[in-house]
Amino acid sequence: MLCPVFAAVLVVGLGPLLAGAFPQAALKKSCRLSQYGSLAYSELAEVLKFRNYYEDITSKDPKCSTRLFNRKWTPNELSVPDRLLLVEAELDLTIAVLAHPTVHKLAERSQQPLAFFTQAREDLRGCVAAEAPSHQPSGKLRHWLQKLETAKKTETASCLEYSTVVHLFQVLHDLGCVAIPERCT
């Protein structure tokens, strides 16, 4: 039987050594996206203001051949890891478009939405790393991801920009779907 003083010395002395044997990075990161489930009015207003400004200064529908956001399925039909990958791809495209607008007048107006979507992608990537690090996309999602990659190579920058900007609220909806899966419809 161990003496209580000796046991206390063991715990105090060996505790930090044992804790160091398990690096913090190995522990599962927390995935917190709940703040994207119900966005603040100011964030929604900035996105709406940008989209409306875009629609006012650009020509309507530049006759793109790819309709990226017109899918025959909804995110709620996907598994949670698939939803994470879908929204990550949507955010990547959105950020690329907002960071490099085809119309110079948009550059200044895109800064607040760009900062918001960039932060959302950073937060989402933590969840992808924690929840779906080696997930293979389903057939539906894989097909859409291939369509996205093809569009990036074949569509003009103005077509990608148009398709993305007019569907910013769909991206926000999909982000909310990932943030609060119970509300995903």
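Read on for an overview of the structure.

About the criteria used
- Numbers given for residues are sequential positions, taken from 1 along each chain in its written order.
- Residue-level local features of this predicted model are given only where pLDDT is at least 70; pairs of side-chain atoms are given and counted only at 80 or more, and the full residue set underlies all totals for whole chains, interfaces and linings.
- To obtain the side-chain values, all non-hydrogen atoms of the structure were included, while hydrogens and water were left out.
- Helix and strand assignments follow DSSP, with helices taken as H or I runs no shorter than four residues and strands as E runs no shorter than two, numbered in order from the N terminus.
- Between two residues, a contact is recorded if the distance between any of their heavy atoms is within 4.5 Å.
- Accessible area is worked out with a 1.4 Å probe on protein chains only. A residue is then buried under 20% of its type maximum, exposed over 50%, and partly exposed in between.
- Note on disulfides: each one is a pair of cysteine sulfur atoms within 2.5 Å.
- Axis definition: a line fitted to C-alpha atoms, limited for helices to the stretch in contact. Angles are taken between N-to-C directions and run from 0 to 180 degrees.
- For any pair of crossing helices, the crossing counts as left-handed if the nearer helix is rotated counterclockwise from the farther one by less than a right angle, and right-handed if it is rotated clockwise.
- Residues enter a nonpolar core if they are buried and are Ala, Val, Leu, Ile, Met, Phe, Trp, Tyr or Cys, with the set joined through side-chain atoms within 4.5 Å.
- The salt bridge criterion pairs a side-chain nitrogen of Lys or Arg with a carboxyl oxygen of Asp or Glu, the two atoms within 4 Å.
- What a helix is expected to span follows from its residue count: subtract one and scale by 1.5 Å.
- When charges are counted, neither His nor the chain ends are considered; positive counts come from Lys and Arg and negative counts from Asp and Glu.
- Here a cavity means grid points, on a 1 Å grid over the protein atoms only, where a 1.4 Å probe fits yet cannot get out; a pocket means an open set of points with protein on both sides within 12 Å along at least five of seven lines; lining residues are those with an atom within 4 Å of a point.
- Grid points are joined across faces, edges and corners, and a volume is the space filled by probe spheres set on the points.
- All residues other than Ala, Val, Leu, Ile, Met, Phe, Trp, Tyr, Cys, Pro, Asp, Glu, Lys and Arg, Gly among them, are scored as polar; the first ten of these are nonpolar and the last four charged.

## Concerning the overall build of the protein
Then comes step 1: Across its full length, the protein holds eight helices and zero strands.
Then comes step 2: Going from N to C terminus, the protein has its helices and strands arranged as α-α-α-α-α-α-α-α.
Then comes step 3: In the protein, the share of contacts with a sequence separation of at least 24, taken over all contacts with a separation of at least 6, comes to 88%.

## Here's the deal with the environment of P75
Then comes step 1: Structurally, the position occupied by P75 is in the loop between helix 2 (41-57) and helix 3 (80-99).
Then comes step 2: By relative accessible area, P75 is classed as buried at 7%.
Then comes step 3: A C-alpha to C-alpha distance of 7.8 Å links P75 and T185, two positions 110 residues apart in sequence.
Then comes step 4: For P75, the contacting residues outside a window of four places in its chain are R83, L86, D174, C177 and C184.

## Regarding the state of the cysteines
Then comes step 1: For the structure shown, the criterion picks out one disulfide.
Then comes step 2: The residue that forms a disulfide with C64 is C159, at a sulfur-sulfur distance of 2.3 Å. Since a negative S-S torsion denotes a left-handed disulfide, the C64-C159 link at about -105° is left-handed. Taken together, the residues C64 in the loop between helix 2 and helix 3 and C159 in helix 7 (residues 157-165) connect sequence positions 95 residues apart. Considered together, C64 and C159 belong to a single accessibility category, that of buried residues.

## What to know about the packing of helix 3 against helix 8 (residues 168-179)
Then comes step 1: For the pair helix 3 and helix 8, the least separation of the axes is 10 Å and the interaxial angle reads 145°. Note on packing geometry: the crossing formed by helix 3 with helix 8 is left-handed. Residues R83, L84, L86, V87, E90, L91 and T94 of helix 3 form the contact with helix 8, whose own contacting residues are L168, V171, D174, L175, C177 and V178.

## Quick notes on the nonpolar core
Then comes step 1: Within the largest apolar cluster, 45 residues are counted, with the highest numbers of intra-cluster contacts made by L33, Y36, L84, F117 and L124.
Then comes step 2: Of all the elements in the fold, those that place two or more residues in this core are helix 2, helix 3, helix 5 (111-131), helix 6 (139-154), helix 7 and helix 8.

## Some remarks on the pattern of salt bridges
Then comes step 1: Under the defined criterion, the tally for this structure stands at eight salt bridges.
Then comes step 2: Two residues, E46 and K49, come together in a salt bridge whose shortest N-O distance is 3.2 Å. Placement of both E46 and K49 in helix 2 is noted, with a separation of three residues, approximately one turn of the helix.
Then comes step 3: Residue class for E46 comes out partly exposed when judged on its relative accessible area of 22%.
Then comes step 4: Between K140 and E77 there is a salt bridge whose closest N-O contact spans 2.9 Å. Taken together, the residues K140 in helix 6 and E77 in the loop between helix 2 and helix 3 connect sequence positions 63 residues apart.
Then comes step 5: Among the residues examined, K140 registers a relative accessible area of 36% and is labelled partly exposed.
Then comes step 6: Residues joined in a network through salt bridges with shared partners are E88, D92, R121 and R125.

## Observations concerning helix 5
Then comes step 1: The first and last C-alpha atoms of helix 5 sit 30 Å apart over 21 residues, in line with the 30 Å expected at 1.5 Å per residue.
Then comes step 2: Along helix 5, the residues that are buried comprise P113, L114, F116, F117, A120, R121, L124, G126, C127, V128 and A130.
Then comes step 3: Buried residues along helix 5 sit against helix 2, helix 3, helix 4 (106-109) and helix 8.

## Observations regarding the side chain of R51
Then comes step 1: Positionally, R51 belongs in helix 2.
Then comes step 2: The side chain of R51 sits in the buried core without any salt bridge; E55 is the nearest counter-charge, 4.1 Å away.
Then comes step 3: Excluding residues that lie within four positions of it along the chain, R51 makes contacts with V165, V166 and F169.

## Looking at empty space enclosed by the protein
Then comes step 1: Using the criterion set out here, one finds one cavity of 30 Å³ or more in the structure.
Then comes step 2: Approximately 40 Å³ is the volume found for the largest cavity.
Then comes step 3: Forming the boundary of the largest cavity are C64, T66, L68, E155, C159, L160 and S163.
Then comes step 4: By residue class, the composition of the lining of the largest cavity is four nonpolar, two polar and one charged.

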